[in-house]
Amino acid sequence: MNQISPLAYVHPEAKLGDNNIIGPFCYIDKNTVIGDNNVFQNSVTINYGARIGNGNEIFPGASISTKPQDLKFRGEETTCEVGDNNSIRECVTISRGTASKGTTIVGSNNLLMENVHIAHDCVVGSGCIIGNSTKFGGEVTVDDHAIISAEVLCHQFCHIGGFVMIQGGCRFSQDIPPYIIAGKEPTRYCGINIVGLRRRGFNNELINNIHDAYRLLYSKGVLKEGIDEIRKHLPESDEIDYIINFVENSKRGIIR
């Protein structure tokens, strides 16, 4: 049975699962689907097009599935999908999609700290930590287990690889490949994320191979030559393939 405050508004066409807690001054619009065991603290806004999974906790002032801040948006039917077991802190805003992709996606088991903005058509994986006041432009992709510190500004269309650590206050308009630390001004490669990889169970041999991959990649003026060196000198693995594919498919170029 859901616990809905008498001071909350839930549109009669909203679809709610079971055992949700909806605090005072929450607003849940029509064309929304909410799963089970969610906690919406006071003053949470769930806008048109939201699709929210199970076990999420959403804090005061957060607004999910907001109208995109994109002048090309013409009111088309789009959605914002949020997975399970996320902690979405105060004043986070997540826009719904546009005609470009149709949906904005946030995976599961993420921590979005206060005042984060995730723009239209972004895709955020699972197990990510995104720090206070970090802002993503439209159509940004963030792979699983990325850690992005506070007040980071990410240009639209960028791709952030998995298992990265991005220093607070960074701003960038190129892709950040997986397994690395990115920081300084301008934002650049600062080594691999050794501590993060060990915490995630990567063994020393694999960590060394990842380190060697970036040493070879960045040792060449042309990235294709660096990739050829990686293929020549390092054993194949899912992790090395991930690095190679990420770099080869980068549309904005990677940080150096």
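The notes below deal with the structure included here. A quick note: this is a predicted structure, and the numbers were derived from the prediction, not measured. (Residues numbered from 1 in each chain as written. Predicted model: local features only at pLDDT ≥ 70, side-chain atom pairs only at ≥ 80, totals over all residues. Heavy atoms only, no water.)

### Looking at the sheet that holds strand 1 (residues 3–4)
Here is step 1 of the chain: Strand order across the open sheet formed by 11 strands is 1-4-7-10-13-16-19-22-25-27-28, with mixed pairing between neighbours. Each end of this open sheet is capped by a strand with a single partner; those strands are strand 1 and strand 28 (188–192). (Pairing = 2+ DSSP bridges. Helix = DSSP H or I, 4+ residues; strand = E, 2+ residues; numbered from the N terminus.)

### Considering the pairing of strand 27 (residues 180–183)
Here is step 1 of the chain: Judged from the 2 bridges that link them, strand 25 (residues 165–166) and strand 27 form a sheet pairing that is parallel. Bridge assignment links Met-165 to a residue of strand 27, and that residue is Ile-181.
Here is step 2 of the chain: As judged from the 3 bridges shared by strand 27 and strand 28, these two strands associate in the antiparallel manner. Of the residues in strand 28, the one forming a bridge with Gly-183 is Arg-188.

### Quick notes on the sheet that holds strand 20 (residues 135–136)
Here is step 1 of the chain: Overall, parallel pairing links the 9 strands, which are arranged 2-5-8-11-14-17-20-23-26 in an open sheet. Across the chains shown, the open sheet's two edge strands, defined by having one partner strand only, are strand 2 (9–10) and strand 26 (171–172).

### Details of the side chain of Ser-5
Here is step 1 of the chain: Examined against the element boundaries, Ser-5 turns out to sit in the loop between strand 1 and strand 2.
Here is step 2 of the chain: In this view, Ser-5 contacts Ile-22, Gly-23 and Pro-24; residues no more than four positions away in its chain are not counted. (Contact = heavy atoms within 4.5 Å.)

### Points about the pattern of salt bridges
Here is step 1 of the chain: Taken as a whole and assessed by the stated rule, the structure comprises 7 salt bridges.
Here is step 2 of the chain: Here Glu-90 ties to Arg-89 by a salt bridge, and the two come within 3.2 Å at their closest N and O atoms.
Here is step 3 of the chain: For Glu-90, a relative accessible area of 27% gives the class partly exposed.
Here is step 4 of the chain: A salt bridge links Glu-248 to Arg-231; the shortest N-O distance between them is 3.2 Å. Of this pair, Glu-248 sits in helix 4 (residues 238–248) while Arg-231 sits in helix 3 (residues 223–233), and the two are 17 residues apart along the sequence. (Salt bridge = Lys/Arg side-chain N within 4 Å of Asp/Glu carboxyl O. Buried < 20%, exposed > 50% of the residue type's maximum accessible area, 1.4 Å probe, protein only.)

### Comments concerning helix 2 (residues 204–218)
Here is step 1 of the chain: Its 15 residues place the ends of helix 2 21 Å apart at the C-alpha level, agreeing with the 21 Å of an ideal helix rising 1.5 Å per residue.
Here is step 2 of the chain: Of all the positions in helix 2, only Leu-206, Ile-207, Asn-209, Ile-210, Ala-213, Tyr-214, Leu-216, Leu-217 and Tyr-218 are classed as buried.
Here is step 3 of the chain: As for helix 2, its buried residues are in contact with strand 27, strand 28, helix 1 (194–199), helix 3 and helix 4.
Here is step 4 of the chain: With a side-chain oxygen positioned 3.2 Å from the backbone nitrogen of Glu-205, the residue opening helix 2 is Asn-203. (Expected span 1.5 Å × (residues − 1). Polar contact = N/O pair within 3.5 Å; in protein donor to acceptor, adjacent residues only side chain to side chain.)

### Concerning the packing of aromatic side chains
Here is step 1 of the chain: Following the criterion strictly, the structure yields 9 aromatic pairs and no others.
Here is step 2 of the chain: When the centroid spacing of 5.8 Å and the interplanar angle of 65° are considered together, the rings of Tyr-179 and Phe-202 count as edge-to-face. Remark: Phe-202 occurs in the loop between helix 1 and helix 2 and Tyr-179 occurs in the loop between strand 26 and strand 27; sequence separation between them is 23 residues. In this pair, the class of Tyr-179 matches that of Phe-202, namely buried.
Here is step 3 of the chain: Three or more aromatic residues joined by ring pairs form one cluster here, namely Phe-163, Tyr-179, Phe-202, Tyr-242 and Phe-246.
Here is step 4 of the chain: The ring of Phe-59 carries the charged tip of Arg-89 above its face, separated from the ring centre by 3.9 Å. (Phe/Tyr/Trp six-rings, centres within 6.5 Å; stacked < 30°, edge-to-face > 60°. Lys NZ or Arg CZ within 6 Å of the ring centre and 35° of its normal.)

### With respect to unusual backbone geometry
Here is step 1 of the chain: Cis peptide bonds are those with omega within 30 degrees of zero, and the linkage from Glu-185 to Pro-186 qualifies with 0°.
Here is step 2 of the chain: Note on placement: Pro-186 falls in the loop between strand 27 and strand 28.
Here is step 3 of the chain: With phi around 60°, Asn-109 is a residue other than glycine that occupies positive phi space.
Here is step 4 of the chain: By the element assignment, Asn-109 lies in the loop between strand 15 (103–106) and strand 16 (111–112).
Here is step 5 of the chain: Asn-109 sits in the partly exposed class, given a relative accessible area of 48%.
Here is step 6 of the chain: Of note in this structure, Glu-151 is not a glycine but carries a positive phi near 55°.
Here is step 7 of the chain: For Glu-151, a relative accessible area of 52% translates into the label exposed.

### Concerning the packing of helix 2 against helix 3
Here is step 1 of the chain: Packing of helix 2 against helix 3 brings their axes to within 7 Å, and their N-to-C directions diverge by 140°. Note on packing geometry: the crossing formed by helix 2 with helix 3 is right-handed. Within the contact between the two elements, helix 2 uses Ala-213, Leu-216 and Leu-217 and helix 3 uses Leu-223, Gly-226, Ile-227, Glu-229, Ile-230 and His-233.
Here is step 2 of the chain: Grouping the constituent residues of the contact of helix 2 with helix 3 by class yields 6 nonpolar, 2 polar and 1 charged. (Axes fitted to C-alpha atoms, helices over the stretch in contact; angles between N-to-C directions. Left-handed = near helix turned anticlockwise from the far one by under 90°. Nonpolar A, V, L, I, M, F, W, Y, C, P; charged D, E, K, R; others polar.)

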